[in-house]
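Now for the letters of each chain:
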Amino acid sequence: MELDVLGNPDYGELSIDLEPGEKLNVESGAMSRMSPSLELRTHLMGGILAGLARKIFGGESFFVGEYGGPQGGHLSLSPGLPGTVLHEHLDNSELILTAGSFLACTSGVELKTRFGGLRALFSGEGAFVLRAIGTGELFFNAYGAVIEKQVNGSLRVDTGHVVAWEPTLSYSIAGMGGLKSTLFSGEGLTMDFQGTGRLWVQTRNLPATAGWLTPFLRG
Amino acid sequence: MDITLQPNGAFHSALVHLEPGDQFKSDSGAMFRASSNVDNDVTTISRGGGLLAGLKRMAGGDTFFLSTYQTTGGEGGEVGVAPTLQGHVAQVDVESSQSWLCAGGSFLGCDGHMDLTPRFQGMKGMFSGENLFFMEVSGAGPLLVGAYGSIREVPVDGELVVDTGHVVAFESSLSYTLSKTGGSWLTSYLAGEGFVLRFKGQGRLLVQSHNPREFGAMLGRRLPPRRG
């Protein structure tokens, strides 16, 4: 497999040459172009129940596309939002992604959905997180630029800006300054991370973009 | 006519310098600045033809408003054009022997002496959002295209599959069919990939890194429902 991340930090996209038989799992709708020799299959991501729950509660896609073929071929992928594409090699390890941050992974990486708890549901940032576990290549994306933080101790991040983190970090969801400030300040809920590990944060936030646009729409 | 591309960071635009007698045709929404002696004449191009048909289809996005700019008073002038979404701008020098097809949403403008022919695609209307419309640009001269994201040239020699939302423009020497990504419509739908264009032959193809429809769908899911 030959891979190239192009266009960062503004318009990141991923270009991959698959060897014969190699397979890549791809986020719904992310394929921009490909060799005609590649075939597409669909898979439930993280099992039927998790897929159903994601669809109902999270509004996320139910399936991932699996691209591959006996002759191999070229594949280009791009996220729905402009920003940065990230690549991490997993070596019998795990990374946790927020809904919407996943772009693609090789077949050695297993995807599992995890319910983020009722509080995550009400945060509006997607009630589910995605666990990418195994050995292989993982690609994810950020809206805007990305900041990689090495957390030692604790860090508070707005839920809409969290992209991914290592499982050595634990988190709790909190409102900044109590319910009243959460409702009136426009600052949503935050994720308070604890421990030691890497954390990826994006500089833009889709719910905030949509929230800004909404008052300008006319019914 | 002289065109200067202005590649400022992630947000490109183009400045067209017109001499007396020059004409520049442009998507009506693309102009963001013009000299005071530049005159603008608006015409519509619609599927059914005619202005009334054009008005009826405005809501459906089927109508294309075309502005023709020229200078008055025997002096030169300038017109600045930019894409609606954030992204890059590119110039294609069209030769008289080879016309180009430009995706409706990517067309920024061209020399006023070039010919424009709308090409509405057959399967359009089957699924909402797949509003596939190409502008055929023929005659020698400059063509300006705008993108959502970056523009990349992908030479086609043989066959290539491209998501409809990523096509910017291509030489008419390429043949294309509108089809599905996977083996079945169900697979394509489940994988979130609606229509693709299967290109065949030899020719130049410009693609954009990002898909405006994908962005619209992601944003739309988070906006309040449309009333009425």
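All values reported here derive from a predicted model rather than from experimental measurement. (Residues numbered from 1 in each chain as written. Chains lettered and ligands numbered in written order. Predicted model: local features only at pLDDT ≥ 70, side-chain atom pairs only at ≥ 80, totals over all residues.)

Chemist: I'd like a description of the sheet that holds strand 19 (residues 205–208) of chain B, backed by residues and values.
Modeler: All names here are of chain B. On the basis of which strands lie adjacent, the open sheet formed by six strands has the order 11-12-9-16-19-14 and antiparallel pairing. In the strand order of this sheet, the two ends are held by strand 11 (115–120) and strand 14 (151–153), each with one partner. Here the average twist between neighbouring strands, direction ignored, is 20°. Summarising the sheet, strand 9 (residues 100–103) and strand 16 (residues 167–171) pair through three bridges and their orientation is antiparallel. Paired with Leu101 across the two strands is Phe170, which belongs to strand 16. (Pairing = 2+ DSSP bridges. Helix = DSSP H or I, 4+ residues; strand = E, 2+ residues; numbered from the N terminus. Axes fitted to C-alpha atoms, helices over the stretch in contact; angles between N-to-C directions.)

Chemist: So what's going on with the environment of Val154 of chain B? Which residues, and what values?
Modeler: All names here are of chain B. Within the fold, Val154 resides in the loop between strand 14 and strand 15 (156–163). Considered as a pair, Val154 and Leu205 are 51 residues apart in the sequence and their alpha carbons are 5.3 Å apart. Leaving out residues up to four positions away in the same chain, Val154 has contacts with Leu160, Leu205 and Val207. (Contact = placed C-beta atoms within 7 Å.)

Chemist: Describe the interface of chain B and chain A, with residues and values.
Modeler: The interface of chain B with chain A comprises 33 residues on the first partner and 31 residues on the second. Secondary structure elements with two or more residues in the side of chain B that touches chain A: strand 15, helix 2 (185–190) and helix 3 (212–220) of chain B. The element contributing the most residues to the side of chain B that touches chain A is strand 15 of chain B, with five residues. Of the residues in the side of chain B that touches chain A, the class split is 12 nonpolar, 13 polar and eight charged. Bridging between strand 4 (residues 31–34) of chain A and strand 15 of chain B involves two bridges; their strand directions are antiparallel. The partner of Met34 of chain A across the bridge, within strand 15 of chain B, is Val161 of chain B. (Nonpolar A, V, L, I, M, F, W, Y, C, P; charged D, E, K, R; others polar.)

Chemist: Account for the sheet that holds strand 1 (residues 2–8) of chain B, naming residues and giving values.
Modeler: All names here are of chain B. Taken together, the four strands give an open sheet; going across it, the order is 1-2-7-4, and neighbouring strands pair in antiparallel fashion. At either margin of the open sheet sits one strand with a lone partner, and together these are strand 1 and strand 4 (31–34). Looking at each pair of strands side by side, their axes are set apart by 20° on average, direction ignored. As paired strands, strand 1 and strand 2 (residues 11–18) are joined by seven bridges and run antiparallel to one another. Note on strand 2: the bridge partner recorded for Pro7 is His12.

Chemist: Give a description of the domain arrangement of chain B that names residues and reports values.
Modeler: Residues and elements named next belong to chain B. Partitioning chain B into domains gives domain 1 (1–7 + 14–82) and domain 2 (89–228). On the side of domain 2, 17 residues touch domain 1, which itself brings 17 residues to the contact. Mapped by element, the contributors of at least two residues to the side of domain 1 that touches domain 2 are strand 1, strand 3 (24–27) and strand 6 (64–71). Here the element with the most residues in the side of domain 1 that touches domain 2 is strand 3; it accounts for four residues. Of the residues contributing to the side of domain 1 that touches domain 2, the split by class is 10 nonpolar, four polar and three charged. (Domains from an automatic or database assignment.)

Chemist: Account for the pairing of strand 7 (residues 77–81) of chain B, with residues named and values stated.
Modeler: All names here are of chain B. Burial along strand 7 is one-sided: the residues Gly77, Val79 and Val81 are buried and none of Glu78 and Gly80 is. Strand direction decides the pairing type here: strand 2 and strand 7, joined by five bridges, are antiparallel. Bridge assignment links Leu18 to a residue of strand 7, and that residue is Gly77. In this sheet, strand 7 lies alongside strand 4 in antiparallel orientation, the contact comprising three bridges. Looking at the pairing, Arg33 lines up with Gly80 of strand 7. (Buried ≥ 20, exposed ≤ 12 C-beta atoms within 10 Å, placed from the backbone.)

Chemist: Before we move on, could you go through the nonpolar core and cite the residues and values that matter?
Modeler: All names here are of chain B. Ranked by size, the top nonpolar core spans 97 residues in total, and within it Cys102 and Val145 carry the most contacts. Of the residues that make up this core, three or more belong to each of domain 1 (1–7 + 14–82) and domain 2 (89–228). When neighbours within four sequence positions are excluded, Cys102 is seen to be in contact with Phe107, Phe134, Met135, Val137, Leu143, Val145 and Ala169. (Core = buried A, V, L, I, M, F, W, Y, C linked by C-beta atoms within 7 Å.)

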